[in-house]
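Observations on the model geometry
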Amino acid sequence: MLNYLPPRLENLKADVLHRYQILNGSMAYDANQISRTVALVFDLPTVIVALNERYRHWYHSQHGVAPGSLDHLLAFCVQSNLSDSPFVVPDVRQEAFFSRDADLTDAASIVFFAGAPLSDPDGKRFGTLCLIDDKPREFGAEKLAVLDSFAQLVSQDICLRSAGRYAVRDLIELEEEKFFLFDLAMTDPLTKALNRRAFFRFAEREVLRSRRHGLDVAVLMIDIDHFKSVNDVHGHNTGDDVLKHLVGVISDGTRDEDLLGRLGGEEFALILPETDLERAGILANRLREAVKRLSFSTETGDFGISISVGISRPEAMDPDILPALERADKALYEAKRNGRDRVETAAPRRPDPVTETSDDWILREAS
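Overview of the structure. Fair warning: this is a prediction, and the values are worked out from it, not measured in the lab.

Okay, the pattern of salt bridges next. Overall, the coordinates contain 19 salt bridges when judged by the stated rule. Note that Asp157 and Arg161 form a salt bridge whose closest N and O atoms lie 3.3 Å from each other. Separated by four residues within a single helix, Asp157 and Arg161 lie in helix H6 (residues 141-186), roughly one turn from each other. Across the pair Asp188 and Arg262 runs a salt bridge whose closest N-O atoms are separated by 3.2 Å. Of the two residues, Asp188 is situated in the loop between H6 and helix H7 (196-213) and Arg262 in strand S9 (residues 259-264); the sequence distance between them amounts to 74 residues. Given a relative accessible area of 10%, Asp188 falls into the buried group. Overall, the relative accessible area of 17% leaves Arg262 in the buried class.

Structure (structure tokens):
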């Protein structure tokens, strides 16, 4: 399933749909190679898989059809649906049945006409494999048997691909449902940031990965200044809008691998993999400035917001992610005490020689 980082759901969903695209109902399947093979076997200029309208829009197979003549050919081939078995008409000009279609046959250069029905295993008819020539031909029982065999192959191909289309549709619906449930379980419904439980889950994994590979990781706590007054003066709907805009600014200013979680109210946490404290401070100030550029208009007046940020990093003696978050939270409230709209970084702790090592922490977490 997931290794360390939650996927960007829309990107992952797009990848899944792309894998199924060849059988997806929105794409037409090109089976022209089958018609070309039939034409080669019988040495004929034109072969068409003439299908009922339900199948025609997604399954195409034809060979030797001149530009602009397909509609005429399909209109003529519709009559073959009256036959329940392979048939051959050496010369349609000699058959009274086709005399009423003289204009149609002349326009499409149809003289010889043969075909075999296409149907599913239950016998439901959905088209005809049609052979056409512009001159008379003789067609014996042996060739009719070969034609019937080709028709069965085409029928099987259509049935398999039709079943595949329905199966893929079901798979896509299941994937969408899975993503919906994942989204429901892992994200905050208002802001779409990770919810508290999901954030701690993925943050623990990222810190463990960073320890294992000797990589930097930074922890940020972010809080909206005077957020209570936003709700009190402008209403909770406006407060919700502020939270969503804040998450948008943070998401736009961070990487896909960064972890943003809403821990409660207006308080957010951000994990920055492979980022030292100095770079984390630069990013935090960039986000702070971006948030200050937000502007909100309401019936009670226009206003802007600011954020305070506290930064820390996990230490070797930390048993889990919580101490780093607590240090970042203390730095956050230091920023509040120092006037808000600022970034404060917690001083790194000095290792206690009697405290367990980083390797011990990793082994305990792995167990």
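Here the focus is the packing of H6 against H7. Between two packed helices, the angle of one axis relative to the other and the distance separating the axes together describe the packing. Closest axis-to-axis distance for the H6/H7 pair is 7 Å, and the angle between their directions is 95°. Judged by the inter-axis angle, H6 sits roughly perpendicular to H7. Two secondary-structure elements touch here, H6 through Phe182, Ala185 and Met186 and H7 through Arg197, Ala198, Arg201 and Phe202.

Let's shift gears to the pairing of strand S13 (residues 307-312). Burial of S13 is extensive: six of the six residues sit out of reach of the surface. Burial along S13 is two-sided: the residues Ile307, Val309 and Ile311 and Ser308, Gly310 and Ser312 are all buried. Note: strand S8 (residues 217-224) against S13, six bridges, orientation antiparallel. Looking at S13, one finds that Asp223 is bridged to Ser308. Here S13 pairs with strand S14 (residues 343-345) via three bridges, running parallel. Paired with Ile311 across the two strands is Thr345, which belongs to S14. At this point the chain moves from S13, through helix H11 (residues 322-337), to the parallel S14, and the crossover so formed is left-handed.

A sheet is described by the order of its strands in space; here five strands give the open sequence S9-S10-S8-S13-S14, paired in mixed fashion. Every other strand in the sheet has two partners, leaving S9 and S14 as the edge strands with one partner each. Going from strand to strand, the sheet's axes swing by 20° on average, the running direction of each strand aside. In the packing of H7 onto the sheet, the strands contacted are S8, S9 and strand S10 (267-273), and the crossing angle to S9 comes to about 135°.

The rules behind these values
Residues numbered from 1 in each chain as written. Predicted model: local features only at pLDDT ≥ 70, side-chain atom pairs only at ≥ 80, totals over all residues. Heavy atoms only, no water. Salt bridge = Lys/Arg side-chain N within 4 Å of Asp/Glu carboxyl O. Helix = DSSP H or I, 4+ residues; strand = E, 2+ residues; numbered from the N terminus. Buried < 20%, exposed > 50% of the residue type's maximum accessible area, 1.4 Å probe, protein only. Axes fitted to C-alpha atoms, helices over the stretch in contact; angles between N-to-C directions. Parallel < 35°, antiparallel > 145°, perpendicular 65-115°, else oblique. Contact = heavy atoms within 4.5 Å. Pairing = 2+ DSSP bridges. Right-handed = clockwise from strand over helix to strand, strands pointing away.

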